[in-house]
There are 2 protein chains.
Amino acid sequence: MRAIDFNLDPSLQACTHYVTSLSLCDVLLMNDARFPWLVLVPRRPGMVEMVDLPSELQQQLWHEINHVAAVLRDAVPCYKLNIGALGNITRQLHVHVLARTENDAAWPGPVWGFGQAEPYAEGESDARIALLKSRFTDNAS
Amino acid sequence: MRAIDFNLDPSLQACTHYVTSLSLCDVLLMNDARFPWLVLVPRRPGMVEMVDLPSELQQQLWHEINHVAAVLRDAVPCYKLNIGALGNITRQLHVHVLARTENDAAWPGPVWGFGQAEPYAEGESDARIALLKSRFTDNAS
């Protein structure tokens, strides 16, 4: 399932845990216990902007974003989903999907650039990843 | 083209100028001269989350987001597109599409919640709206 020549950007690698692979994207958990925060990365080398993906891959990407958002909302407390494709610092195409609650650290502001990440304690990320993995179906594969 | 019972949220109305209507969304220009900033609002009453739209409307929304992003990038200087669906403050479903540059006021952070909006001078928003309107095709209609 891994496209030839695709390598995850080291800055994304450094701040995430691997969760699962969908047909186009790898799904990663941001290593920040303040927020339930997933990141989708299409396994296509050299991509920066969604609009530059071939149209069938754009469609697949949005399908997977919606799938990941639905899974996340069902798995954790969520008052509002936040979806963002920024890439101002790490240009490799990636899309954030977050479950926000009214008492989270950054509410109601955006999470990007907010304070310092608080890495998961040992075992805590494994539990969250296991929960999420069990909810992903092959609907989006 | 306006769905019965759809009303733009007053807080979105207050901070935007109308640009055009696509088949699902109204396209608005954020009244903030610091950033080329468009907002898409699906004309469907009561919608909050993208994942709760019927699947054909989800697909149409993503099609229109990509169309708006491509139009914006072609019309103004753009180093990186930023696309975001937050809705933490205004829950009516709306999607932000921005053209970011490395010397803009909030770079490389997100624009949401950053400082105070700087309204366009009289005539300035009209010029930007006219430019954008001329670039929208009915591809997304």
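Remember, it's a predicted structure, so these values are computed and weren't measured experimentally. (Residues numbered from 1 in each chain as written. Chains lettered and ligands numbered in written order. Predicted model: local features only at pLDDT ≥ 70, side-chain atom pairs only at ≥ 80, totals over all residues. Heavy atoms only, no water.)

Student: For the environment of Ala14 of chain B, give the residues involved together with the corresponding values.
Tutor: Residues and elements named next belong to chain B. Mapped onto the elements, Ala14 comes out in helix α1 (residues 10-14). Judged by relative accessible area, Ala14 falls into the exposed class, the value being 65%. Along the backbone, Ala14 and Asn31 are 17 residues apart, and their C-alpha atoms lie at a distance of 8.8 Å. (Helix = DSSP H or I, 4+ residues; strand = E, 2+ residues; numbered from the N terminus. Buried < 20%, exposed > 50% of the residue type's maximum accessible area, 1.4 Å probe, protein only.)

Student: Describe the relation of the copies chain B and chain A, with residues and values.
Tutor: Between chain B and chain A, which share one sequence, the superposing operator has a rotation angle of 180° and an axial displacement of 0.0 Å; the RMSD is 0.0 Å. Both copies are brought into coincidence by an operation consistent with a two-fold rotation axis. Across chain B, the rotation axis passes nearest the C-alpha of Gly84 of chain B, at a separation of 2.1 Å. (Least-squares fit on C-alpha atoms with pLDDT ≥ 70 in both.)

Student: Describe empty space enclosed by the protein, naming the residues involved and giving the relevant values.
Tutor: This model, assessed by the stated rule, comprises three cavities of 30 Å³ or more. Quantified by volume, the largest cavity comes out at close to 60 Å³. Lining the largest cavity are 13 residues; nearest its centre among them are Lys80 of chain A together with Val48, Glu49, Ala85 and Leu93 of chain B. When residues in the lining of the largest cavity are grouped by element, the largest group, four residues, is from strand β4 (residues 80-85) of chain A. Looking at the lining of the largest cavity, its residues break down into seven nonpolar, four polar and two charged. (1 Å grid on protein atoms, 1.4 Å probe; cavity = no way out; pocket = protein on both sides within 12 Å on 5 of 7 lines; lining within 4 Å. Points joined across faces, edges and corners; volume = space filled by probe spheres on them. Nonpolar A, V, L, I, M, F, W, Y, C, P; charged D, E, K, R; others polar.)

Student: Give me the sheet that holds strand β1 (residues 16-21) of chain A: which residues, what numbers.
Tutor: Spatially, 10 strands are ordered β1(A)-β2(A)-β3(A)-β5(A)-β4(A)-β4(B)-β5(B)-β3(B)-β2(B)-β1(B) in an open sheet, and the strand pairing comes out antiparallel. In this open sheet, the two edge strands, each paired with only one partner strand, are β1 of chain A together with β1 (16-21) of chain B. If you compare each strand with its neighbour and ignore which way they point, the axes differ by 25° on average. Alignment of strand β3 (residues 37-42) of chain B against strand β5 (residues 95-100) of chain B, held across four bridges, turns out to be antiparallel. Across the sheet, the residue bridging to Leu38 of chain B is Val97 of chain B, located in β5 of chain B. Strands in contact with helix α2 (residues 55-75) of chain A are β2 (25-30), β3 (37-42), β4 and β5 (95-100) of chain A; relative to β5 of chain A, the strand with the most contacts, it is inclined by about 25°. Across the sheet, helix α3 (residues 124-135) of chain A touches β1, β2 and β3 of chain A, and the angle it forms with β1 of chain A is around 20°. (Pairing = 2+ DSSP bridges. Axes fitted to C-alpha atoms, helices over the stretch in contact; angles between N-to-C directions. Contact = heavy atoms within 4.5 Å.)

Student: Please give an account of the interface of chain B and chain A that cites residues and values.
Tutor: The interface is formed by 30 residues belonging to chain B together with 31 residues belonging to chain A. Carbon and sulfur atoms supply 52% of the area that chain B and chain A bury against each other, a total of about 2800 Å² over both sides. Among the residues of chain B in contact with chain A, Trp62, Lys80 and Asn88 of chain B are the three that bury the most area, contributing 22% of the side total. One can count four salt bridges joining chain B with chain A. Here Arg73 of chain A ties to Asp52 of chain B by a salt bridge, and the two come within 2.8 Å at their closest N and O atoms. At the junction of chain B and chain A, the tally comes to 20 residue pairs in polar contact (both at pLDDT 80 or more). Those elements that provide at least two residues to the side of chain B that touches chain A are α2 (55-75) and β4 (80-85) of chain B. The element contributing the most residues to the side of chain B that touches chain A is α2 of chain B, with seven residues. (Buried area = accessible area lost by both parts, 1.4 Å probe. Salt bridge = Lys/Arg side-chain N within 4 Å of Asp/Glu carboxyl O. Polar contact = N/O pair within 3.5 Å; in protein donor to acceptor, adjacent residues only side chain to side chain.)

Student: Report on the side chain of Lys80 of chain A, specifying residues and quantitative values.
Tutor: By the element assignment, Lys80 of chain A lies in strand β4. Overall, Lys80 of chain A belongs to the buried group, its relative accessible area being 3%. Apart from the residues lying within four places of it in its own chain, the contact partners of Lys80 of chain A are Leu98, Ala99, Arg100 and Trp107 of chain A together with Val48, Glu49, Leu86, Gly87, Asn88 and Arg91 of chain B.

Student: Residues and numbers for the pattern of salt bridges, please.
Tutor: Opposite charge on two side chains allows them to pair when their charged atoms are near. Residue and element names in this part refer to chain A. Using the criterion set out here, one finds 10 salt bridges over all chains in the structure. Taking the shortest distance from any N to any O, the salt bridge between Asp32 and Arg34 comes out at 2.7 Å. Like Arg34, Asp32 is buried.

Student: Account for the packing of aromatic side chains, naming residues and giving values.
Tutor: If you walk through the whole model with that rule in mind, you get six aromatic pairs over all chains. Relative to Trp37 of chain A, the ring of Phe35 of chain A has its centre 6.1 Å away and its plane inclined at 65°; by these criteria the two rings are edge-to-face. Pair check on accessibility: Phe35 of chain A and Trp37 of chain A agree, each one buried. Both rings, one in Trp112 of chain A and one in Trp112 of chain B, keep their centres 5.9 Å apart while their planes meet at 50°; by these two values the pair is tilted. Separated into two different chains, Trp112 of chain A in the loop between β5 and α3 and Trp112 of chain B in the loop between β5 and α3 (124-135) make up a pair that spans both. Take Trp112 of chain A and Trp112 of chain B: they sit in the same class, and that class is buried. The aromatic ring of Tyr79 of chain B is capped on one face by Arg91 of chain A, whose charged end is 4.1 Å from the ring centroid. (Phe/Tyr/Trp six-rings, centres within 6.5 Å; stacked < 30°, edge-to-face > 60°. Lys NZ or Arg CZ within 6 Å of the ring centre and 35° of its normal.)

Student: Give me the lowdown on the packing of α2 of chain A against α3 of chain A, citing residues and values where you can.
Tutor: A packed helix pair is summarised by two numbers, namely the angle formed by the two axes and the spacing between the axes. Residue and element names in this part refer to chain A. Contact pair α2 / α3: the axes reach a minimum separation of 10 Å and the direction vectors enclose 125°. As the angle between them shows, α2 and α3 are arranged oblique. Crossing geometry of α2 relative to α3 is assigned as right-handed. Between α2 and α3, the contacting residues are Val71, Leu72, Asp74 and Ala75 on the first element and Leu131, Leu132 and Arg135 on the second. (Parallel < 35°, antiparallel > 145°, perpendicular 65-115°, else oblique. Left-handed = near helix turned anticlockwise from the far one by under 90°.)

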